[in-house]
Amino acid sequence: MNVLAIGAHPDDIEIFMFGTLAALAARGDQLAYVIVTDGTRGGRGAPGHLRATRKAEAEAAAGLLNADLHFLDLPDGELVADATLVKALKGAIERASPDLIITHAANDYHGDHRALSEGVRIAASFAAPVLHCDTLRGVGASPTHYVDITAHVEAKDAAIRCHASQDPDRFVSASRVLSAFRASQANAPEGSHAEAFRFEPVFPFVDIRDLLPKAPMVRPVVNRASVSRG
């Protein structure tokens, strides 16, 4: 299966969906990454230097999963879901020929994330189903699907740390908290981690469960009322 991950900024794929991508890679799926902006507002220093630094960091992170990486190099902080963005995304989708696209949630905190989400929705059309990743710290998210990333959580930490220019440990910490919480929502065993996603069925893509890695294991629930009566 071909999977296309589309992030607005050079570290978004690692922060929001790397665990799931690692699980997909482990089962033999082919990964393609698209990073839409040049990342020049994500730090201090001359834009040209920051662009080169962040590109190298993204390449290192993509290399962890042998993902095919493409940069669209649109201006950081200025994304809008206009014809320019949609055309660029259509080209990326055609190049990757994906069976599944993963990108940002429509209601995430960053304007670039929201614009990209809308652009992907338009560009994907009949090409592939679109799965939306969790939001920063889960704010406003309403997940429909959960993926067990327990076996890949340390690899996710390492992938986030590839982005050394971004003070990555703050994102490692936030990611760990959120993935533990998402696993607990799924009633997974203690110590589990999960990434959460939202899927909106759009014809002809209605059910994508067979496309995803396994969900967290659900612990048996004991009906204490019936036990006490026994």
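Relevant structure appears above.
Quick notes on the nonpolar core
Stage number 1. Counting 32 residues, the largest nonpolar core has Met17, Leu21, Leu31, Tyr33, Ile102 and Leu131 as its most contacted members.
Stage number 2. The element best represented in this core is helix 1 (residues 12–26), accounting for eight residues.
Stage number 3. In contact with Ile102, other than residues within four places in its own chain, are Val3, Leu4, Ala5, Ile6, Met17, Leu21, Leu24, Leu131 and Phe197.
Stage number 4. Core analysis: the next-biggest nonpolar cluster, separate from the first, contains 23 residues, Ala8, Leu79, Ala92 and Leu116 among them.

A closer look at the pairing of strand 7 (residues 194–199)
Stage number 1. For strand 7, the tally of buried residues reaches five of six residues, placing the bulk of the element in the interior.
Stage number 2. As paired elements, strand 5 (residues 130–133) and strand 7 share three bridges and run antiparallel to each other. Within strand 7, the residue paired with Leu131 across the bridge is Phe199.
Stage number 3. Pairing analysis gives four bridges linking strand 6 (residues 145–148) to strand 7, with the strands arranged antiparallel. Its bridge partner lying in strand 7, Tyr146 is registered against Ala196.

Here's the deal with the packing of helix 1 against helix 5 (residues 153–161)
Stage number 1. Remark: helix 1 packs on helix 5, axes separated minimally by 9 Å, with the N-to-C direction vectors making an angle of 155 degrees. Taken together, helix 1 and helix 5 sit at an angle that is classed as roughly antiparallel. In terms of crossing hand, the pair formed by helix 1 and helix 5 is right-handed. When helix 1 is examined against helix 5, the residues Glu14, Ile15, Phe16, Phe18 and Gly19 are found in contact with a partner set consisting of Ala155, Lys156, Ala159 and Ile160.
Stage number 2. For the contact of helix 1 with helix 5, a count of residues per class yields six nonpolar, one polar and two charged.

A look at the pattern of salt bridges
Stage number 1. Under the criterion given, the structure shown has 13 salt bridges.
Stage number 2. Across the pair Asp38 and Arg51 runs a salt bridge whose closest N-O atoms are separated by 3.4 Å. Residue Asp38 is located in the loop between strand 2 (30–37) and helix 2 (47–63), and its partner Arg51 is located in helix 2; the two are separated by 13 residues in the primary sequence.
Stage number 3. Look at Asp38 and you get buried, because its relative accessible area is 9%.
Stage number 4. A salt bridge links Arg121 to Glu118; the nearest nitrogen and oxygen atoms lie 2.7 Å apart. One end of the pair, Arg121, and the other, Glu118, are both in helix 4 (residues 111–124), three residues apart, so they sit about a helical turn from each other.
Stage number 5. Residue classification places Arg121 among the exposed residues on the basis of a relative accessible area of 52%.
Stage number 6. Classification of Glu118 by relative accessible area gives partly exposed; the value is 31%.

Conventions adopted
- Residues numbered from 1 in each chain as written.
- Predicted model: local features only at pLDDT ≥ 70, side-chain atom pairs only at ≥ 80, totals over all residues.
- Heavy atoms only, no water.
- Core = buried A, V, L, I, M, F, W, Y, C linked by side-chain atoms within 4.5 Å.
- Buried < 20%, exposed > 50% of the residue type's maximum accessible area, 1.4 Å probe, protein only.
- Helix = DSSP H or I, 4+ residues; strand = E, 2+ residues; numbered from the N terminus.
- Contact = heavy atoms within 4.5 Å.
- Pairing = 2+ DSSP bridges.
- Axes fitted to C-alpha atoms, helices over the stretch in contact; angles between N-to-C directions.
- Parallel < 35°, antiparallel > 145°, perpendicular 65-115°, else oblique.
- Left-handed = near helix turned anticlockwise from the far one by under 90°.
- Nonpolar A, V, L, I, M, F, W, Y, C, P; charged D, E, K, R; others polar.
- Salt bridge = Lys/Arg side-chain N within 4 Å of Asp/Glu carboxyl O.

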